[in-house]
Amino acid sequence: MNTVATSLLNQPREVERLVAGQPTSDGAGVKLNRVLTQNLQRRLDPFLMLDAFGTDNPDDYIAGFPDHPHRGFETITYMLAGRMRHRDSAGNEGLISDGGVQWMTAGRGVIHSETPEQNAGRMAGFQLWLNLAAKDKLRAPWYRDVAGHEVPELERDGVKARVIAGASHGVSGAVQRETTEPLYLDLHFAPGARFEQLLPPEFNAFVYVYEGALKFETGCLVPSGRMAILANTPGSDGARLQAGEAATRALLIAGKPLGEPIAQYGPFVMNTEAELVQAVRDFQAGRLA
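The model shown is predicted, which means the values in this text are computed figures rather than measured ones.

Draft legend 1. Layout of the packing of aromatic side chains. Evaluated as defined, the whole model comprises seven aromatic pairs. Seen in terms of ring centroids, Phe-126 and Tyr-208 are 5.9 Å apart; in terms of plane orientation they differ by 80°. Their pairing is edge-to-face. With Phe-126 in strand 11 (residues 123-131) and Tyr-208 in strand 19 (residues 204-211), this pair connects stretches of sequence that are 82 residues apart. Each member of the pair Phe-126 and Tyr-208 is classed as buried. Relative to Tyr-210, the ring of Phe-126 lies with its centre 5.2 Å away and its plane at 65°, an arrangement referred to as edge-to-face. Here the residue Phe-126 occupies a position in strand 11, and Tyr-210 occupies one in strand 19, the gap between them amounting to 84 residues. For the residue pair Phe-126 and Tyr-210, the accessibility class agrees, reading buried in each case.

Draft legend 2. Representation of the pattern of salt bridges. Evaluated as defined, the whole model comprises 19 salt bridges. Between Glu-16 and Arg-17 there is a salt bridge, with the nearest N and O atoms lying 3.8 Å from each other. Judged by its relative accessible area of 38%, Arg-17 falls in the partly exposed class. Among the salt bridges present, the one from Glu-93 reaches Arg-87, with a minimum N-O distance of 3.4 Å. A single salt-bridge network, built from bridges that share partners, covers Arg-83, Arg-85, Arg-87, Glu-93 and Glu-117.

Draft legend 3. Expanded view of helix 1 (residues 273-284). The first and last C-alpha atoms of helix 1 sit 17 Å apart over twelve residues, in line with the 16 Å expected at 1.5 Å per residue. Listed in full, the buried residues belonging to helix 1 are Leu-276, Ala-279 and Asp-282. Angularly, the buried residues of helix 1 cover 125° about the axis, an arc narrow enough to put them on a single face. Of the exposed residues in helix 1, the ones pointing more than 90 degrees away from its buried face are Glu-273, Ala-274 and Gln-284. Of the surrounding secondary structure, the elements contacted by the buried residues of helix 1 are strand 25 (263-265) and strand 26 (268-270).

Rules used in this analysis
Numbering of residues begins from 1 in every chain and follows the order in which that chain's sequence is written. Side-chain atom pairs in this predicted model are given and counted only at pLDDT of 80 or more, local residue features only at pLDDT of at least 70, and totals for whole chains, interfaces and linings cover all residues. Based on all heavy atoms of the structure, the side-chain values leave hydrogens and waters out of the count. Aromatic pairs are defined between Phe, Tyr and Trp rings, using the six-membered ring for Trp, whenever the two ring centres lie within 6.5 Å; interplanar angles under 30 degrees are classed as stacked, those over 60 as edge-to-face, and all others as tilted. Here a strand is any run of E in DSSP of at least two residues, a helix any run of H or I of at least four, and the numbering for each starts at the N terminus. Think of it in three bands: residues with accessible area under 20% of the maximum for their type are buried, residues over 50% are exposed, and the middle band is partly exposed, with areas taken using a 1.4 Å probe on protein chains only. Salt-bridge detection follows one rule: a side-chain nitrogen of Lys or Arg within 4 Å of a carboxyl oxygen of Asp or Glu. Here a helix's expected span is defined as the number of its residues, less one, multiplied by 1.5 Å. When we speak of the arc, we mean the arc of directions from the helix axis to the C-beta atoms. Any two residues whose heavy atoms approach within 4.5 Å are treated as being in contact.

Shown next as structure tokens:
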């Protein structure tokens, strides 16, 4: 069994609760598991949603996500397998494939589509919604496509960490954000391997296991397909994660809460109902980018 030689943490976080997620469909019928649902937005501020998708059946994904609007937040699409092309009303276009990331800041508004560029094989990955502060909700849209080989990685004591955002053990991720300071790690554990990550105690954090299982020192086992919300215990200094007897893969996601009101109407996330009404009017009038 692999273990770290020395511990970085004095008081690792415990699991507050496990979440199973809700099977649903979105877009033109794409089947997915909505892990972070709307009723968890305050608890996991600044994160608004996490969808996990993974299937070998093209009927579950082939229709994709036709043109749809967004305003007021960021979307982070991380592909484990498959190829997805995105286009938007501002003329941007890109392709993300195995291990790649598309980071989109919708800002004041954009209309875009996400279409599978395959009609057979496996399509798997995640989409995370990250809120924007009130001062940034109407900023200009922004994009970055990160190819799989461009995502920084580190290997430590039987664990490979892909650093999508934030920083881990001195390795800076592909994207940084000053206000919400998101950490987004994809962790690949050898059987029994352990990984530690420093986290400010005020950050909200969760782990989603998508292969194998993680166990915590308190005896809590987090199986595949479950999200563990990590407790914000005063004095806690990070997360300590250990794989069970099988190879394990999991996402560790954390961020600084905004502490602002959240008003959501479908693809629009603002601070007030009046701002939502304006977002719908702007969309109907063709004023999104």
